[in-house]
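Commentary on secondary and tertiary structure
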Amino acid sequence: MSDLHQPVLSWYADHARDLPWRRPEASPWSVLVSELMLQQTPVARVLPVHEAWLERWPTPARLAAEPTGEAVRAWGRLGYPRRALRLHAAAVAIVERYGGEVPESYDELVTLPGVGDYTAAAVASFAHGRRHVVLDTNVRRVLARLLAGTEFPPASVTRAERDAAEAVLPSEDSGAAPTWSVAVMELGALVCQATAPRCGECPVADRCAWYAAGRPAHRGAPRRAQAWEGTDRQCRGRLLAVLRESAGPVHRTRLDAVWPDAQQRERCLQTLIGDGLVTQAAADSFVI
C-alpha cells in the first residue's frame, strides 16, 4: 500500500461509526438495504428504519412475499419512496434469479431494479470484499480536494475522476480496497465535509492538494440547496403520510385536508398513482 493509504485506514480504525451494515455479522441483504436507504438521506434518519426493516424482512425472500404497498408503508418518512418499490422489486429479482441470495458480482448486482453503478460497486465491495471504485458524494469530494485540488467534484462523474480514484485504490492483493473505500467515505462524512471541513483533524491534510493551495473556493456553477417548502415533493409526502397511516382506502376529502392547492394536490396524486405508489380503490378513494 502507498503512504496515502495507511493514515486513512488508521484514522478509520479509530474513528469509524458503529453502523449495523458495517458490522462483521451484517448480511449482504443488510448492506443492500442500507445503500438504497442512504441515497440522499442522512444516516441518523436511516438507522431506525433499517433496523425495523431487517427485523421484519431479514431476507429478500421475506420481503418479496409481501405486497409492494407494505414496503412503501414501512419506508415511512425517509423520502423518495420510489426507492421502496425498487427495493421490493430487487428482492423479487433476487429470489427469482439468484435463489434468494444477494449476488456477489458487480455485473449481476447492476441488473437488479434500482441498483446502478454506485450501489452495485458498494455492495460488491462492502458485502463481498470485491475491489471496485466506489464513488459516492463523500468519496468524490475527498478525492477532488486531495488529488485535484478543487473544493468540489464535477456535477457528474467524469472519466478522469474515475481513473484518479482507480489509481489510488489499493491493489487486489492487499485486500484493503473495500476498507479504503468505506474509510474515505467516512472521512468525507465526518471531517472533509461540504461546509466547514475540519482540515486540522484530517489524517492526510499534509498530502492534500486543496489544503496546500490555501483551500481555494469553488469556481464552478453555484451549488444550490434543494427547495422543499411548497414543492411537489412536499405535497406528495403529505398525501403519502395520510395513506400510509390508514389500513384501508382513504377518501379524497382526507387528502384535500392536508394540501390546500387543489391543482397541485391532484397533480401529485396522479404522479403517485403513475409511480405505482398509490392505487385508486374507487372513484374517490385511494390506498397504498
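These notes cover the structure that comes with them. (Residues numbered from 1 in each chain as written. Predicted model: local features only at pLDDT ≥ 70, side-chain atom pairs only at ≥ 80, totals over all residues. Heavy atoms only, no water.)

Focus: the nonpolar core
One recurring pattern in soluble globular proteins is that nonpolar side chains are buried together. Put simply, the test is: Nonpolar core, defined: a set of buried Ala, Val, Leu, Ile, Met, Phe, Trp, Tyr and Cys residues in which side-chain atoms within 4.5 Å join the residues together. When a residue's accessible area, from a 1.4 Å probe over protein chains only, is under 20% of the maximum for its type it is buried; when over 50% it is exposed; and in between it is partly exposed. To qualify as a helix, a DSSP run of H or I must reach at least 4 residues; to qualify as a strand, a run of E must reach at least 2; elements of each kind are numbered from the N terminus.
Of all hydrophobic cores here, the largest spans 48 residues; its most connected members are Trp29, Trp53 and Leu87. Elements with a minimum of two residues in this core: α2 (28–37), α3 (43–56), α5 (68–75), α6 (82–98), α8 (117–126), α13 (232–244) and α15 (262–274). When residues of this core are assigned to their parent elements, the largest contribution, seven residues, is made by α6. Among the nonpolar cores identified, the runner-up in size contains 32 residues, and Ala122, Leu143, Ala177 and Val191 belong to it.

Considerations on the side chain of Arg236
Using the following cut-off: Any pair of nitrogen or oxygen atoms within 3.5 Å is treated as a polar contact; in protein, a donor-acceptor pairing is required on top of that, and neighbouring residues in sequence qualify only through side-chain atoms on both sides. What makes two residues a contact is simply this: any of their non-hydrogen atoms within 4.5 Å.
Note on placement: Arg236 falls in helix α13. Side-chain polar atoms of Arg236 contact the side chain of Asp275, separated by 3.0 Å. Once you skip the residues sitting within four places of it in the chain, Arg236 turns out to touch Arg82, Cys268, Thr271, Leu272, Asp275 and Leu277.

Some thoughts on the sheet that holds strand β1 (residues 250–251)
Paired through their backbone hydrogen bonds, the strands of a sheet run either parallel or antiparallel. Under the convention used in this document: The pairing criterion for strands is at least two bridges between them, as found by DSSP.
With antiparallel pairing, the three strands of this open sheet are ordered in space as β1-β3-β2. Either end of the sheet is taken by a strand with one partner, and the two such strands are β1 and β2 (279–282). The pairing of β2 with strand β3 (residues 285–287) spans three bridges and is classified as antiparallel. Each bridged residue has a counterpart across the sheet, and for Gln280 the counterpart in β3 is Phe286.

Description of unusual backbone geometry
Positioned with a positive phi, Tyr80 is a non-glycine residue whose angle comes to about 45°. Along the chain, Tyr80 turns up in the loop between α5 and α6. The partly exposed category is assigned to Tyr80, whose relative accessible area is 23%. Notably, Ala196 is not glycine yet its phi reads approximately 50°, a positive angle. Relative to the elements of secondary structure, Ala196 occurs in the loop between α11 (177–190) and α12 (209–212). Residue classification places Ala196 among the exposed positions, given a relative accessible area of 61%.

Focus: the environment of Cys199
Mapped onto the elements, Cys199 comes out in the loop between α11 and α12. Taking C-alpha positions, Cys199 is 9.8 Å from Arg215, a pair spaced 16 residues apart along the chain. Non-local contacts of Cys199, meaning those with residues more than four positions away in its chain, are made with Ala205, Trp210, Tyr211 and Arg215.

Quick look at the packing of aromatic side chains
What counts here: For Phe, Tyr and Trp, where Trp contributes only its six-membered ring, two rings pair if their centres lie within 6.5 Å, and the inter-plane angle classes them as stacked under 30 degrees, edge-to-face over 60, or tilted in between. Charge over a ring is defined by NZ of Lys or CZ of Arg lying within 6 Å of the ring centre and within 35 degrees of the ring normal.
Summed over all chains, the structure comprises two aromatic pairs. Residues Trp53 and Trp57 carry aromatic rings whose centres are separated by 4.7 Å and whose planes lie at 75° to one another, so their mutual orientation is edge-to-face. An aromatic cluster is present here, built from Trp53, Trp57 and Trp75 joined pairwise through their rings. Positioned over the ring face of Trp210 is Arg145, at 4.6 Å from the centre of the ring.

Thoughts on the state of the cysteines
What counts is decided by this rule: Pairs of cysteine sulfur atoms within 2.5 Å are what we label disulfides.
For the structure on display, the rule yields zero disulfides. Not part of a disulfide, Cys208 finds its nearest cysteine sulfur in Cys202, a span of 6.4 Å. Residue Cys208 is classed as buried on the basis of its relative accessible area of 11%. You can see Cys235 has no disulfide; the closest cysteine sulfur is in Cys268, sitting 3.6 Å from it.

Structural notes on the packing of helix α9 (residues 137–148) against α11
Keep this limit in mind: Axis definition: a line fit to C-alpha positions, over the contact stretch in the case of helices; interaxial angles, taken between N-to-C directions, run 0 to 180 degrees. Orientation labels follow simple angle bins: below 35 degrees gives roughly parallel, above 145 gives roughly antiparallel, 65 to 115 gives roughly perpendicular, and whatever is left gives oblique. The classification used treats Ala, Val, Leu, Ile, Met, Phe, Trp, Tyr, Cys and Pro as nonpolar, Asp, Glu, Lys and Arg as charged, and all other residues, Gly among them, as polar.
As a packed pair, α9 and α11 sit with axes 8 Å apart at the nearest point and diverge in direction by 85°. Put simply, α9 runs roughly perpendicular to α11. Note on element contacts: α11 touches α9 through Ser181, Val184, Met185, Leu187, Gly188 and Ala189, opposite Asn138, Val139, Arg141, Val142 and Leu143. Partitioned by chemical class, the residues of the contact of α9 with α11 number seven nonpolar, three polar and one charged.

Here we look at the environment of Ser27
Mapped onto the fold, Ser27 is located in the loop between α1 (5–15) and α2. Residue classification places Ser27 among the partly exposed positions, given a relative accessible area of 26%. Distance in space between the C-alpha atoms of Ser27 and Glu104 is 12 Å, their sequence separation being 77 residues.

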